[in-house]
Amino acid sequence: MRVAVAEDSGIFRQALVTLLTTVGIEVVVSAGSGEELLAHVADDPPDVAIVDLHMPPTFTNEGVVAARRLLERHPGLGVLVLSAFNETPQAMELFRGRPRGVGYLLKDHVTDVENLRSALERVIRGEVVIDPDVVTRLVEARHREQELSRLSGREREVLELMAEGHSNAGIGRRLHLSARTVEDHVRAIFAKLKITTPGGPPGPQDSNKRVLAVLTWLRAAETR
């Protein structure tokens, strides 16, 4: 796995590079800004780029801008955006359209190297990764909406795990439900919320389609 890292804080960037290299991940670029990252990977893109949400010059959404440029210029490259805070509106810009191979994690969860490695591997495969804390905030916001009131308590739990990218089997293990019961809940959720899977060619995994479908519903809460 070849990784590029862009983060304005030299201390955090070096710690991240050290964390990655100690588990055998090759860091091919270490940049302090989005523009520097784009320049370094132009001729030899890595497998995945880790990008801070806030970088010079304005420290607003440079990470998202850099991520979208990377995806446009290098199809197949995975991008994982990091943030110190749960900043949903900026992060949701990543997921506009029909994204593939993008993720958003809070920095508090990056120190778990297995969690970080899993997220990187998933975006490389073309999946969509969303930090569980972000999902929780979005789902809680939508709990106040009338349409979510159509779901039972158990269906809400299943929806949240779906949005985190878990398979039916994974949901069943976490909630101690049979595969058939989870399938019934998933069908009920999509029927009640009138969610359809985005069109176009099949994604790398059915789980990715499920995340994208849930995102179409969660996106209404992005400005909260």
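That block above? That's the structure.
Predicted model, so just to flag it, every value in this text is computed and none were measured.

1. A word on the sheet that holds strand β4 (residues 78-83)
Phase 1 of the analysis: Spatially, six strands are ordered β2-β1-β3-β4-β5-β6 in an open sheet, and the strand pairing comes out parallel. In this open sheet, the two edge strands, each paired with only one partner strand, are β2 (26-31) and β6 (128-130). Taken pair by pair, the neighbouring strands of this sheet meet at an average axis angle of 20°, ignoring direction.
Phase 2 of the analysis: Both β4 and strand β5 (residues 102-106) contribute to a ladder of five bridges, which runs parallel.

2. Overview of the nonpolar core
Phase 1 of the analysis: Counting residues in hydrophobic clusters, the biggest one holds 29 residues, and the most contacted among them are Leu37, Val51, Leu70 and Phe95.
Phase 2 of the analysis: The element that contributes the greatest number of residues to this core is helix α3 (residues 62-73), accounting for four residues.
Phase 3 of the analysis: Dropping the residues within four chain positions of it, leucine 70 is found in contact with Leu37, Leu38, Val41, Ala49, Val51, Leu77 and Val79.
Phase 4 of the analysis: Within the second largest apolar cluster, 17 residues are counted, among which are Val5, Ile50, Leu116 and Val129.

3. Things to note about the environment of phenylalanine 190
Phase 1 of the analysis: By the element assignment, phenylalanine 190 lies in helix α9 (residues 179-193).
Phase 2 of the analysis: Taking relative accessible area as the criterion, phenylalanine 190 reaches 16% and is therefore assigned buried.
Phase 3 of the analysis: On a C-alpha basis, the gap between phenylalanine 190 and leucine 159 in space is 9.3 Å, while along the polypeptide they are 31 residues apart.

4. Comments concerning the side chain of aspartate 131
Phase 1 of the analysis: Summarising the element assignment, aspartate 131 is placed in the loop between β6 and α6 (132-143).
Phase 2 of the analysis: Buried charge without a salt bridge: aspartate 131, with arginine 122 as the nearest opposite-charge side chain at an N-O distance of 10 Å.
Phase 3 of the analysis: Within polar-contact distance, the side chain of aspartate 131 engages the backbone nitrogen of leucine 106 at 2.9 Å.

5. Concerning the pairing of β5
Phase 1 of the analysis: Counting buried positions along β5 gives five out of five residues, so the element sits mostly inside the fold.
Phase 2 of the analysis: By the bridge criterion, three bridges tie β5 to β6 in an arrangement that is parallel. Each bridged residue has a counterpart across the sheet, and for glycine 103 the counterpart in β6 is valine 129.
Phase 3 of the analysis: After leaving β5, the chain enters helix α5 (residues 113-124) and then returns to the sheet as β6, a path that is left-handed.

Scoring rules and cut-offs
- Residues numbered from 1 in each chain as written.
- Predicted model: local features only at pLDDT ≥ 70, side-chain atom pairs only at ≥ 80, totals over all residues.
- Heavy atoms only, no water.
- Pairing = 2+ DSSP bridges.
- Helix = DSSP H or I, 4+ residues; strand = E, 2+ residues; numbered from the N terminus.
- Axes fitted to C-alpha atoms, helices over the stretch in contact; angles between N-to-C directions.
- Core = buried A, V, L, I, M, F, W, Y, C linked by side-chain atoms within 4.5 Å.
- Buried < 20%, exposed > 50% of the residue type's maximum accessible area, 1.4 Å probe, protein only.
- Contact = heavy atoms within 4.5 Å.
- Lys, Arg positive; Asp, Glu negative; His and termini not counted.
- Salt bridge = Lys/Arg side-chain N within 4 Å of Asp/Glu carboxyl O.
- Polar contact = N/O pair within 3.5 Å; in protein donor to acceptor, adjacent residues only side chain to side chain.
- Right-handed = clockwise from strand over helix to strand, strands pointing away.

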